[in-house]
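# Observations on the model geometry
In case you want the letters, here they are:
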Amino acid sequence: IPIVSGVGHETDTTIADHVADLRAPTPTAAAEMISKAAYALPGILDDFGLRINRVMLQVMSERQARFSELQPRLNRHVERLLLDKSMRFDELKPRLVAPQRLLSQYEEKCLQLQQLLGRNWQEQYSSKLSLLEGLCLRLTARKPNIEAERERLSQWQERLDRSIHQQLKAHQQKFEQYAQLLHNINPKQVLQRGFSIVYDAEGQVVQAAEQLGVGQELQLEFASGRAAVHVKSLNLKEQ
């Protein structure tokens, strides 16, 4: 909004005078300035309207002239594009195939593939059948003789039984030999020939007279039992 200052006192200058858009020496002068501008505003607006109309007419005239200049070029460009497309269509037209013809070609190709598939399937079936027959013949040729294998198994069983029996007999004989040897070297077998074994009070075997003392209690083991004795005297051999 335009601001007009009119404080008065011509000799004074206020801050409002510096920030206002227009300064008047007095309030009356400010009112006169505003009134003159208000009366002149319709004329100014009419003048601006006329100027705008002239400018718009000039711009439209220039645009119309420019369009008139470019229209022939645009028409020629469109005609050239249409001509190029027409020539391109004429070039491609011989290569285009009618739908009925194309369908007929596909039907013929499908029929050929069907026949080829049938022949291949028949050939593969015959090949697999021949292979199966060959395998059956080979399997029949390699079929084991049950009776012969059973007889052979029986012979092996007899040989195994004989071998086990012989080994058991040999081990039994060896065991009896070891048992007899153990029986012969058993110290208690000596008792059967009239000997005895002397034990002290702690159950230890007395091997020499030097281990004894007068009055000592001993145990004598015989073949048929034991007896308790006392040492009355010792008769040691001089070495």
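Residues numbered from 1 in each chain as written. Predicted model: local features only at pLDDT ≥ 70, side-chain atom pairs only at ≥ 80, totals over all residues. Heavy atoms only, no water.

## Remarks on the overall build of the chain
When its secondary structure is counted, the chain shows four helices and five strands. Listing the helices and strands of the chain from first to last along the sequence gives β-α-β-α-α-α-β-β-β. Taken over the C-alpha trace, the chain has a radius of gyration of 73 Å; the compact-globule value for 239 residues is 18 Å, which it surpasses by more than 25%. Along the three orthogonal principal directions, the C-alpha set of the chain runs to about 180 × 95 × 30 Å. Out of the 239 residues in the chain, the part that is buried amounts to 7%. Looking at the chain as shown, the accessible area adds up to about 22,000 Å², and 58% of this sits on carbon and sulfur atoms. Separation of charge centres in the chain, based on 31 positive and 29 negative side chains, amounts to 12 Å. (Helix = DSSP H or I, 4+ residues; strand = E, 2+ residues; numbered from the N terminus. Rg over C-alpha atoms; globule rule 2.2 N^0.38 Å. Buried < 20%, exposed > 50% of the residue type's maximum accessible area, 1.4 Å probe, protein only. Areas by Shrake-Rupley, 256 points an atom, 1.4 Å probe, with all protein chains shown as cover. Lys, Arg positive; Asp, Glu negative; His and termini not counted. Charge placed at Lys NZ, Arg CZ, Asp CG, Glu CD.)

## What to know about the domain arrangement of the chain
The domains assigned to the chain are domain 1 (4-105), domain 2 (154-185) and domain 3 (187-234). Computed from C-alpha atoms alone, the centre-to-centre distance between domain 2 and domain 3 is 42 Å. (Domains from an automatic or database assignment.)

## Notes on the side chain of Glu221
In this structure, Glu221 sits in strand 4 (residues 217-221). Beyond its immediate chain neighbours, meaning those up to four positions away, Glu221 contacts Lys188, Leu191, Phe195, Ser196, Ile197, Tyr199 and Arg226. (Contact = heavy atoms within 4.5 Å.)

## Looking at the packing of aromatic side chains
In total, this model carries zero aromatic pairs according to the counting rule given. The ring of Trp156 has Arg159 lying over it, and the distance from NZ or CZ to the ring centre is 4.6 Å. Just above the ring of Tyr199 sits the side chain of Arg226; from NZ or CZ to the centre is 4.4 Å. (Phe/Tyr/Trp six-rings, centres within 6.5 Å; stacked < 30°, edge-to-face > 60°. Lys NZ or Arg CZ within 6 Å of the ring centre and 35° of its normal.)

## Section: the pairing of strand 4
The sheet contact formed by strand 3 (residues 197-199) and strand 4 spans three bridges and is antiparallel. Within strand 4, the position partnered with Val198 by the bridge is Leu220. (Pairing = 2+ DSSP bridges.)

## Notes on the sheet that holds strand 3
Sheet architecture is open: three strands sit in the order 3-4-5, paired in antiparallel fashion. Edge positions in the sheet fall to strand 3 and strand 5 (226-230), since each of these pairs with one other strand and no more. When strand polarity is set aside, the average angle formed by the axes of neighbouring strands in this sheet is 30°. As paired elements, strand 4 and strand 5 share five bridges and run antiparallel to each other. (Axes fitted to C-alpha atoms, helices over the stretch in contact; angles between N-to-C directions.)

## Notes on the pattern of salt bridges
Taken as a whole, this structure holds three salt bridges when the rule is applied. Between Arg88 and Glu91 there is a salt bridge, with the nearest N and O atoms lying 3.4 Å from each other. Linking Arg88 with Glu91, this pair stays in helix 2 (residues 27-92), spanning three residues, or about one helical turn. Here Glu221 makes a salt bridge to Arg226, at a shortest N to O gap of 3.6 Å. Since its relative accessible area comes to 11%, Glu221 is described here as buried. Residue Arg226 is classed as exposed on the basis of its relative accessible area of 53%. (Salt bridge = Lys/Arg side-chain N within 4 Å of Asp/Glu carboxyl O.)

## A word on a nonpolar patch on the surface
A grouping of Ile44, Phe48, Ile52 and Met56 is seen on the molecular surface, where their side chains present a nonpolar patch of about 380 Å² in accessible area. Tracing the backbone through its elements, the reader meets Phe48 in helix 2. (Patch = residues over 30% accessible without salt bridge, like charges linked within 9 Å, V, L, I, M, F, W, Y side chains within 5 Å.)

## Some details on the pairing of strand 5
Judged by how many residues are buried, strand 5 sits mostly at the surface: zero of five residues are covered. Taking the residues between adjacent antiparallel strands as the criterion, strand 4 and strand 5 are bridged by four residues.

## Some thoughts on the side chain of Ser5
You can see Ser5 is positioned in strand 1 (residues 4-5). Residues contacting Ser5, with those up to four places away along its chain left out, are Ala16, Asp17, Ala20, Leu22, Arg23 and Ala24.

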